[in-house]
Amino acid sequence: MSTAAEPGILIEHLFRRQSGRMVAHFTRLLGPSGLDVAEEAVQEAMLRALQSWPHQGTPPNPEAWLFRVAHNVAIDRVRRNQMSFGKTEELIGELSRSAGEHPNDPGVPEQLGDDELSMIFMCCHPDISTDAQVALSLKTVGGFSVPEIARAFLLDDATIAQRLVRAKRQIRKQGLTLERPTGPGMERRLDAVLSVIYFLFNEGYAALAGDDLIRFDLCREALRLGRLVASSSLASPKVHALVALMALQGARLPARVNEAGDLVLLDDQDRSRWDEASLALGFGHFDLSIAGNEISRYHIEAAIAATHARSARGKATDWPLILQLYDQLLAFDPSPVVALNRAVALAKVHGPAKALEAIEPLQEEPRLREYYLLLALRGQLLLELGREPEAATTFRSALECRCSEPERRFLRRKLADCNQSAPSYRALTPGASRA
Amino acid sequence: MAQFMLLLYDNPEKWKTLSPDEMQKALEKYMGWVKQPFTLDSKRLAPDPGRVLRSHGKRSSVSDGPYSETKEVLGGYYTIDAADYDAAVKLALEHPHLEYGGTIELRKVYSE
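Description of the structure in this document. (Residues numbered from 1 in each chain as written. Chains lettered and ligands numbered in written order. Predicted model: local features only at pLDDT ≥ 70, side-chain atom pairs only at ≥ 80, totals over all residues.)

### So, the overall build of chain B
What counts, and what does not: Secondary structure elements are defined from DSSP: runs of H or I of at least 4 residues count as helices, runs of E of at least 2 residues count as strands, and each element is numbered from the N terminus. Think of it as a crowd count around each C-beta: if 20 or more other C-beta atoms lie within 10 Å the residue is buried, if 12 or fewer it is exposed, and in between it is partly exposed, with C-beta placed from the backbone throughout. Residues are scored as being in contact if the C-beta atoms we place from backbone atoms lie within 7 Å.
Of regular secondary structure, chain B possesses three helices and six strands. Overall size of chain B, expressed as C-alpha extent along the three principal axes, is 45 × 45 × 20 Å. Taking all 112 residues of chain B together, the buried fraction comes to 19%. Of the contacts made within chain B by residues no fewer than 6 positions apart, 74% connect residues no fewer than 24 positions apart.

Here it is in structure tokens:
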């Protein structure tokens, strides 16, 4: 990775990115019990950059500067904490040797990428609870802070901090290292890693939390991690399917909100605002994903995203195919959320009455009771069936659920439609949930 | 035109609560200010307590310090060009140091 940037101009998220790879690098050198020291050394290097760069100018290679200073801090900390490390001299020797390397020297970027990969695999160890796996991956590999993670998941800082403490305790207790498992253990761990990445992406994608960009960052981080796995020796069709789904779906992010900050449904999206590079990346991985015999849920979701991406205009979308894919997905994952998304495709293919019928049982689902999307879809279907008073009541209930400001404005517009004598029908598409 | 000094005080501990991303943003804002055409000079002071020299009659003493009561310490300074105090205040109000909770002492450089 080259950062031969103009002096004074840093590449976007340089610190966050470098933080992840440096923490992984030091954790490999110091062992997992040195994770805290690794994090401290990286933070201290960045603090020193903050103090000196504005006055002395940006160094010619900011990455190398951070790398070197973090090494010096780590050596200093290891020397001071002699007791807790045991093999102090050996470690210092190792750190000094590594400090002499330039992050762009031949082989070093590959090693750093490999360290990051190993770090995610350690974070997803089965002895660490799933919610802690997510928090730990974001903190150590992603370079996110506790408040940032808390904001992304709408939780308080203390909850996230606790999860991290528990995860680190497990790491020490089990003596986990950055060595990756082999054989069937590897296969299971890879699945855990993919599901954490998938979770990150969906969390980021699911809702627009006001003007908060943090969720957009989650999607980007998930895609980055997915690509890291896909570019390693661990790549498999399933990995490519996950990357394809994230890239194809993520390509729509810029078009999902208009200049006014309002939610734009899939049918109405300006497709010229879909991220062309992300689409190309997605189709590339999609092609690689169909190599094997295995069909995972990622494959099906990638196929759905690809079908949308292929449509030049909203009207040309192959809805029968999408419905068929949702039927398959439902067989994999008979969850109410998948059923809800399927109902949208059902309405497109067989009309609103059929879809309304399909979502009736979902209203009994405790997980969906407070979910505005179910009510938003129901309201829309009622509206399409000319049952305005019922639609209005449903949109009003939807407004009482937790949702973001743009979503709220969308619901208010829908409510206004109900009160017009000639309602302007605007078919709800997967845009509502998968816009 | 006159010259003014901005003496920047802050609590160094508070920077530790920033995420890498936030640190980069802060860094870019401070760097931006150094590049302003009216900024003549800027220096960051080392994050140690420094020394205080005092006179005791014929003897002088040297001690570590100043160790003020408050957590805020003088961390750096800028020298800027401005027409008068009003103009200097206007410029200094835009300094990111305030956004990050620091204090700025503004002093005019004496000249006849």
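There is more to say, and it comes next.
### Remarks on the overall build of chain A
Test applied: Only C-alpha atoms enter the radius of gyration; for comparison, a globular chain is expected to reach 2.2 Å times N to the power 0.38, where N is the number of residues.
In terms of helices and strands, chain A carries 22 helices and zero strands. Radius of gyration (C-alpha) of chain A: 24 Å, near the 22 Å computed for a compact globule of 435 residues. Considered along the principal axes of its C-alpha atoms, chain A spans approximately 80 × 50 × 40 Å. For chain A, buried positions account for 44% of its 435 residues.

### Quick notes on helix α15 (residues 319-332) of chain A
Residue and element names in this part refer to chain A. Keep this limit in mind: Expected helix span is computed as 1.5 Å times (number of residues minus one). Regarding the arc, it is the one traced by the directions from the helix axis to the C-beta atoms.
With 14 residues, α15 should cover 20 Å at 1.5 Å per step; its first-to-last C-alpha distance of 20 Å lies within 8% of that length. Looking at α15, one finds that the buried residues are Ile322, Leu325, Tyr326 and Leu329. End-on view of α15: buried residues confined to an arc of 105°, all on one side of the axis. Pointing more than 90 degrees away from the buried face of α15 are the exposed residues Pro320 and Ala331.

### Some thoughts on the sheet that holds strand β5 (residues 73-82) of chain B
Pairing between the strands of a sheet is mediated by backbone hydrogen bonds and can be parallel or antiparallel. All names here are of chain B. Formally: One requirement defines pairing of two strands: DSSP has to find at least two bridges between them. Axes, fitted as lines to C-alpha atoms, cover a helix only where it is in contact. Angles between the N-to-C directions of the axes lie from 0 to 180 degrees.
The antiparallel open sheet is built from four strands, whose spatial order is β2-β5-β1-β6. Of all strands in the sheet, those with a lone pairing partner are β2 (39-44) and β6 (103-108), marking the two edges. On average, each strand axis in the sheet is tilted by 20° relative to the strand beside it, whichever way the strands run.

### Considering the interface of chain A and chain B
Heads up, the condition is: Note on residue categories: nonpolar means Ala, Val, Leu, Ile, Met, Phe, Trp, Tyr, Cys or Pro, charged means Asp, Glu, Lys or Arg, and polar means any other residue, Gly included.
Taken together, the contact pairs 21 residues of chain A with 18 residues of chain B. At the level of secondary structure, the elements contributing two or more residues to the side of chain A that touches chain B comprise α1 (14-30) and α2 (35-56) of chain A. Per-element accounting of the side of chain A that touches chain B gives the leading share, ten residues, to α2(A). Taken together, the residues that form the side of chain A that touches chain B break down as ten nonpolar, nine polar and two charged.

### Thoughts on the nonpolar core
We apply this condition: Note on terminology: a nonpolar core is a set of buried residues of type Ala, Val, Leu, Ile, Met, Phe, Trp, Tyr or Cys, with members joined through C-beta atoms within 7 Å.
By size, the foremost hydrophobic cluster in this structure holds 119 residues, and its most contacted members are A:Ala70, A:Leu248 and A:Ala302. Ignoring anything within four residues of it in the chain, the contact list for A:Ala70 reads A:Met22, A:Ala41, A:Val42 and A:Ala45. Listed in part, the eight residues of the second largest apolar core include B:Leu8, B:Tyr78, B:Leu91 and B:Ala92.

### Structural notes on the pairing of strand β4 (residues 59-64) of chain B
Residues and elements named next belong to chain B. Of all six residues in β4, zero are buried, a share of ten percent or less. Both strand β3 (residues 51-56) and β4 contribute to a ladder of six bridges, which runs antiparallel. Each residue of the ladder has a partner; that of Ser55, found in β4, is Ser60. Taking the residues between adjacent antiparallel strands as the criterion, β3 and β4 are bridged by two residues, where Gly57 takes a positive phi near 65°.

### Examining the environment of A:Asp156
All names here are of chain A. Of note, Asp156 is situated in the loop between α8 (146-152) and α9 (157-174). Overall, the presence of 13 C-beta atoms within 10 Å leaves Asp156 in the partly exposed class. Separated by ten residues in the primary sequence, Asp156 and Val146 place their C-alpha atoms 9.1 Å from one another.

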